[in-house]
Amino acid sequence: MNNRFEGLVTLVTGAASGLGRASAERLAAEGAKVVAVDLSDAVHEVAASLPEAIGVVGDVSSENDVDASMRAAIDAFGQVDRFHLNAGIFGSFEFLPDIELADFERVMRVNVVGQFLGLRAAFRHYRDRRASGAIAVTASIASRRAGHDLLAYHTSKHAVTGLVKGAATYGGPIGVRVNAVAPGIVPTGLFRAAASQTGGGDDMVRRASTTPMRRAGDPAEIAGVVAFLLSDDAAYTTGEIVGADGGASIINPVRPAGGAGAWDTDAVDTAAYGADELRAARERRNG
């Protein structure tokens, strides 16, 4: 393992489990001091398992908590050199007519406002130090493609790409790079929490089998992309949304090689609209 982050301090949000924990472990393995941030107290266990790290309990969507996380990092290590802004939530699996405003706003608050606050805190810190640096944000295949399920999540992850590109444009002249990793299907606690939902945890293996690589990803594989984006190996890379999805986003879904016919579309549509509404809609469409 390289020591690309020897002597550097990295802050990782959503670090108590899943992609965030894998990122914290990978960065620590390459020599980084880690500030692990999460809403869960389990973040302290993660920090204790790393060579040189602290755990901070905080809500990324809270301005006060984000500021407190930065103060804790500076108190412990004096500065922060790299950021992985990873924390996010799914939200409701309901379809558009049935999504509650409160649920939509909650997803946007964590996934968009939370990333904005993290980016702002990072840039303020770099400005105060007159320092360069690098930031990686967790986007998603949902940032690049659409679906009528998980609408709030899809919307929020599209917004993340705007944050990344805008921040990269601002950061370029002052030596701050901003990129995102866009994972596909990677089994984590976020999915397992929705194990009973179609499109949640139960059918992950089946869905992943339609990608060119015919399998789901592993959190450690996403962490490898994050480590690259935060390292000097990516010194001329900024504003990029780097896919890590087994090739899922490159296929042509209407071609046989892209999975055409692999799904029972009647079953999918009936689940969304109900058999009677679907039948009536087809009759209207067919005149």
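Source: prediction; values computed, not measured. (Residues numbered from 1 in each chain as written. Predicted model: local features only at pLDDT ≥ 70, side-chain atom pairs only at ≥ 80, totals over all residues. Heavy atoms only, no water.)

Some thoughts on unusual backbone geometry
- For Arg130, which is not glycine, the phi dihedral falls at a positive 50°.
- With respect to the element layout, Arg130 can be found in the loop between α4 (101–129) and β5 (133–138).
- Arg130 gets classed as exposed once you look at its relative accessible area, which sits at 81%. (Helix = DSSP H or I, 4+ residues; strand = E, 2+ residues; numbered from the N terminus. Buried < 20%, exposed > 50% of the residue type's maximum accessible area, 1.4 Å probe, protein only.)

Some words on empty space enclosed by the protein
- As enumerated under the stated definition, the model contains one cavity of 30 Å³ or more in all.
- Taken as a whole, the largest cavity spans an internal volume of roughly 160 Å³.
- Along the wall of the largest cavity there are 18 residues; nearest its centre are Leu11, Thr13, Val66, Leu85 and Gly118.
- Those elements that place two or more of their residues in the lining of the largest cavity are β1 (9–13), α3 (63–77), β4 (82–85) and α4.
- Of all the elements, α4 adds the most residues to the lining of the largest cavity, at five residues. (1 Å grid on protein atoms, 1.4 Å probe; cavity = no way out; pocket = protein on both sides within 12 Å on 5 of 7 lines; lining within 4 Å. Points joined across faces, edges and corners; volume = space filled by probe spheres on them.)

Quick notes on the domain arrangement of the protein chain
- Split by domain assignment, the protein chain resolves into domain 1 (9–251) and domain 2 (262–286).
- Taking only C-alpha atoms, the centre of domain 1 and the centre of domain 2 are 36 Å apart.
- The interface of domain 1 with domain 2 comprises five residues on the first partner and five residues on the second.
- The contact between domain 1 and domain 2 buries some 450 Å² in all, and 67% of this surface belongs to carbon and sulfur atoms.
- By the criterion of area lost to domain 2, the three top residues of domain 1 are Phe95, His148 and Arg206, representing 75% of everything that side buries. (Domains from an automatic or database assignment. Contact = heavy atoms within 4.5 Å. Buried area = accessible area lost by both parts, 1.4 Å probe.)

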